[in-house]
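# An overview of the molecular structure
Now for the letters of each chain:
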Amino acid sequence: MLIQEHSRTGRRATAQAPLHAPAVADIPAALRRRTRPPLPEVSEMQAVRHYTRLSQQNFSIDTHVYPLGSCTMKYNPRACNSLAMLSGFGGRHPLAPETHGQGVLACLFELQEILKTVTGMQAVSLTPAAGAQGEFAGVAMIRAYHQARGDYARTEMLVPDAAHGTNPASAVMCGFTVREIPTGPDGDVDLAALRAAVGPHTAGIMLTNPSTVGVFDRNIQAIAHAVHEVGGLLYYDGANLNAILGQVRPGDMGFDVIHMNLHKTFSTPHGGGGPGAGPVGVSQRLEPYLPVPLVACENNHYRWLTESDRPASIGRLTAFGGNIGILLRAYVYARLIGREGMGRVAEFATLNANYLLARLQAAGFEAAYPTRRASHEFIITLKREAREFGVNTMDIAKRLLDYGYHAPTTYFPLLVPECLLIEPTETESKDDLDGFIAALTAIRSEAQTHPERVRSAPHSLPVRRLDDVRAARQLDLAWTPNANTETEINATHG
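For clarity, every value in this text was computed on a predicted model and none was experimentally measured. (Residues numbered from 1 in each chain as written. Predicted model: local features only at pLDDT ≥ 70, side-chain atom pairs only at ≥ 80, totals over all residues. Heavy atoms only, no water.)

The subject of this paragraph is the environment of N219. With respect to the element layout, N219 can be found in the loop between β4 (202–207) and α8 (220–229). Here N219 falls in the partly exposed class, since its relative accessible area comes to 25%. As for N219 and N323, which are separated by 104 residues in sequence, their C-alpha atoms are 36 Å apart. Other than its neighbours up to four places away in sequence, N219 contacts D188, V189 and L191. (Helix = DSSP H or I, 4+ residues; strand = E, 2+ residues; numbered from the N terminus. Buried < 20%, exposed > 50% of the residue type's maximum accessible area, 1.4 Å probe, protein only. Contact = heavy atoms within 4.5 Å.)

Where a strand is regular, its side chains alternate between the two sheet faces. By the criterion of burial, β4 is predominantly enclosed, with six of the six residues buried. In this sheet, β4 lies alongside strand β2 (residues 156–160) in parallel orientation, the contact comprising three bridges. By the bridge assignment, E156 is partnered in β4 with T202. Relative to strand β5 (residues 233–237), β4 runs parallel, the two sharing four bridges. Its bridge partner lying in β5, G204 is registered against L233. Crossover handedness for the path β4 to α8 to β5: right-handed. (Pairing = 2+ DSSP bridges. Right-handed = clockwise from strand over helix to strand, strands pointing away.)

With that settled, the discussion passes to the UniProt feature "modified residue: N6-(pyridoxal phosphate)lysine" (unreviewed entry) in the chain. Per the UniProt record, "modified residue: N6-(pyridoxal phosphate)lysine" (unreviewed entry) is found at K264. With respect to the helices and strands, K264 occurs in the loop between β6 (257–259) and β7 (280–282). Apart from the residues lying within four places of it in its own chain, the contact partners of K264 are S70, C71, T72, K74, A239, N242 and H270. Here S70 takes part through its backbone oxygen, which lies 2.7 Å from a polar atom of the side chain of K264. (UniProt positions renumbered as here; feature names shortened; annotations may be inferred. Polar contact = N/O pair within 3.5 Å; in protein donor to acceptor, adjacent residues only side chain to side chain.)

Geometrically, the link from N209 to P210 is a cis peptide bond, its omega value of 5° lying close to zero. In this structure, P458 follows A457 across a cis peptide bond, with omega equal to 5°. In this fold, P458 is placed in the loop between α14 (451–455) and α15 (468–473). Despite not being glycine, N300 shows a phi value in the positive range, around 65°. Position of N300 relative to the elements: it lies in the loop between β8 (294–298) and β9 (301–305).

Our focus in this paragraph is the packing of aromatic side chains. For the structure shown, the criterion picks out four aromatic pairs. Where F109 meets Y302, the ring centres are 5.6 Å apart and the plane angle is 55°; that geometry is what we call tilted. Of the two residues, F109 sits in helix α4 (residues 102–119) while Y302 sits in strand β9, which places them 193 residues apart along the sequence. Across the pair, Y302 and F109 agree in class, each one buried. Judged by centre distance (6.3 Å) and plane angle (85°), the ring pair of F266 and Y333 falls under edge-to-face. Here F266, found in the loop between β6 and β7, pairs with Y333, found in helix α10 (residues 324–362); they are 67 residues apart in sequence, far enough to count as distant. (Phe/Tyr/Trp six-rings, centres within 6.5 Å; stacked < 30°, edge-to-face > 60°.)

Written out as structure tokens, the structure is:
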């Protein structure tokens, strides 16, 4: 039910109304409304109950297991929120003098240093506002590096076929042609295909390790050598950094630039259209091109480094210093868990993934790469279930909702048919993992005995199975009042 359907003429929530109506004298008469907008007329209690009920219908990390592969939907400690919202942080105006913001700048400087240490990079900029923007910044710095050396022949960016869709998009936005590199049957990048592809036209390669197929690429040093040998650079997509946090560093693998999804690895709020943060770290050769501003510490005084300090910078990507409230949450998280805690993050994320993989294989599910151990995530393929029972991956994903579990990532990466990409993260308990295993096992049994029950799921949610094609082609997100509603509103407000 929409909030408009609760509306009754004359109902008010006056406690929340503004004390003074805004003046309209400065608005030209031709631009003023002639009738009031058809806003719902509800009481405060109705509004509270309506939106509380809606929130209770959502799947979220606070209420459900959320094993969304390649997304790292782990629990966000509430301490990160409360400390980042202290008045000294939240109340500081971005144009306030640096002398009045030494505490904020100190925290941001320390976060830069922490991220440098964790990734093995020479320098870090915090300003990109999301992972995708950090990715764009990384590719833009690779372009700036080659152009500064007069090497304009490097027009091609290599991207594995298991990469995130944003990888080729960022490369194209920066003016590169994308060349796809296949993944071998064991989950590693096809090294022979890579060596055949590289040359004087190669600007770099974009990949993550562990990769999106859920395994650590054992040829990473050979990949780095092949690309560097021809003058290209390595870009690290930080989506899967959670798997190696405190264990191995991208800089030590040979990467030249990395973006970090703080909403994944460093537990800042994830999704929902809210603010993000995607800092970038670089090796020494790319340091001059980092986006500004950066925080510097000079004689125990913190200040912003701007274009005048960094003339070769690719420039600014966000207003002021980026989404500082999100960066502060990541800083608090890093300080909460400490150096040893970061190592435990990867250990438990990997342990949980391998436990799930082993148990699901024992229950009859087929692993996409059965000879490989999982990193922090893994893929099971449901092609056998689709062939034998007529139940596909989307059917099983929808049925999981009835059991109270958010579905894993479906049909990604595209090179694995009928796949579920499962990432439990380190914050789920064994009891919750066992519940998820039991749910998937029960659904697989249903697929054999009552396949229509699975194909028609979900059954317990307010919204049932949608016609995806129709929804895409006839998208309707606007509420339109009917004639009776319009008459009632106009009669009430005149």
